[in-house]
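Single-letter residue listing:
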Amino acid sequence: MHLIRVLAGATLLVAVNSQATGPGALETAPVEYRTLPREYRLDGVVEAVNRTTVSAQTQGQVQEILFDVDDFVEKDMVVVRLKDTEHRTRVAQAAADLKSATARLEQARDEHDRIRGLFEKKNVSESAMDQATADLASAQAELESAGARLEQAQEQLDYTQIRAPYSGIVTHRHVEVGEIASPGQPVMSGISLEELRVIVDVPQSVIPSVRRGGSARVYTDSGETILSKRITVFPFADMGSNTFTVRLDLPEGTRTLFPGMFVKTGFEIAEKAELVVPADAVVHRSEVTGVYVVADDGDVGFRQIRLGRALEDAFVVLAGMSEGERVALDPIAAGVVLKSQTAADRRGASEHGDG
């Protein structure tokens, strides 16, 4: 009976080892060094590229305010209406003047044609012909002037409807209903969230590397990494801090950031060989981070490690692993194997004790 139990335990150990090393073995990957860009990290502040204060372009009483602070406004939508009674009257008067000038031009043209026919037959003097030509030119000029006045009056009427220059969010309202708005007076301020950038104060010693590198990343609180599409280094330093202002333009449509937020930025200033582990192999258990290490003989063990920054497909390992060690890419399957090995070891130890 004792011999049967020993043989059963040995059979189980062979089965576990075959699971780790045979055709159905765990898929593993090596922990290895990878040449990575070395980053210099600094705090930055997000700001909107488009920040505008819309002002009145004509005088009028504020009749209606259609949006308020924190409202989203589409491009070209009316945000404020001014009273337009006086402006409509001016448009009507200008339109009447244009109609009158058109009639006078027609009359002057007919008279000019009549005088020219008589002049060609030598029935009127040259001075009469000159006068008709001058009257025609004057009527033409008057028509053009009347058209310009109508265009100006229509433009002033259009100014009574103050529109958003782009799609964005209202940040300040500067007028109230009933106030008299004058040309140049601020009416409403807003920002666009479509185009954002990050402003960073970079130490003087790092600027040469920033200029050479030409690459920077922005790290959000949610763990997202955003690659800046363009870096602008201001050509002068702050006299007090000896830092240069650097502007990082973000891709259009960045939805996770808002103006005024603080973010971490990383500038690539050099390259460095760092030990990395595949992201699929990393296990997070409460406050413990680790991996399943697979030995050459197929034994599986769980090891706690300390991670550095995250890459697209891996993590930098700061402590707990060495180059060349292999880790399981399927932590769930590795956990099953580890439990089987542990159970087999305990069973074998128990049977050995019985013997």
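To be clear, the structure that these remarks concern was listed above.
Parameters at a glance
- Residues numbered from 1 in each chain as written.
- Predicted model: local features only at pLDDT ≥ 70, side-chain atom pairs only at ≥ 80, totals over all residues.
- Heavy atoms only, no water.
- Pairing = 2+ DSSP bridges.
- Helix = DSSP H or I, 4+ residues; strand = E, 2+ residues; numbered from the N terminus.
- Salt bridge = Lys/Arg side-chain N within 4 Å of Asp/Glu carboxyl O.
- Buried < 20%, exposed > 50% of the residue type's maximum accessible area, 1.4 Å probe, protein only.
- Core = buried A, V, L, I, M, F, W, Y, C linked by side-chain atoms within 4.5 Å.
- Contact = heavy atoms within 4.5 Å.

**Things to note about the sheet that holds strand β10 (residues 186-191)**
Spatially, β3-β10-β8-β5 is the arrangement adopted by the four strands of the open sheet, whose pairing is antiparallel. Each edge of the open sheet is held by one strand with a lone partner, namely β3 (51-55) and β5 (72-73).

**Here we look at the pattern of salt bridges**
Applying the stated criterion across every chain, the model contains 19 salt bridges. Here Arg90 and Glu86 are joined by a salt bridge, their closest N and O atoms 2.5 Å apart. One end of the pair is Arg90 and the other is Glu86, both in helix α2 (residues 85-120) and four residues apart, which spans about a single turn. Judged by relative accessible area, Glu86 falls into the partly exposed class, the value being 49%.

**Thoughts on the nonpolar core**
Counting residues in each nonpolar core, the largest one holds 24 residues, and the members touching the most others are Val198, Val202, Val218, Leu248, Leu257 and Phe267. The set of elements that each furnish at least two residues to this core consists of β2 (32-48), β11 (196-203), α4 (207-213), β12 (216-219), β15 (243-249) and β16 (262-278). With four residues, β11 is the single largest residue contributor to this core. Ignoring anything within four residues of it in the chain, the contact list for Leu248 reads Leu196, Arg197, Val198, Val200, Ala216, Val218, Ser228, Arg230, Ile231, Thr265 and Phe267. Ranked by size, the runner-up nonpolar core spans 16 residues in total, among them Phe67, Val79, Leu82 and Ile162.

**A closer look at the sheet that holds strand β9 (residues 180-181)**
The strand order β7-β6-β4-β9 describes an open sheet built from four strands, whose pairing is antiparallel. Only two strands of the sheet have a single partner each, and these edge strands are β7 (161-163) and β9. Sheet analysis places strand β6 (residues 78-82) next to β7, joined by three bridges and oriented antiparallel. Along β7, the bridge assignment pairs Val78 with Arg163.

**Topic: unusual backbone geometry**
At Asp70, a position not held by glycine, the phi torsion is positive, near 80°. In this structure, Asp70 sits in the loop between β4 (60-65) and β5. The residue Ser286 is not glycine, and still its phi comes out positive at about 55°. Turning to its location among the elements, Ser286 is positioned in the loop between β17 (283-285) and β18 (288-294).

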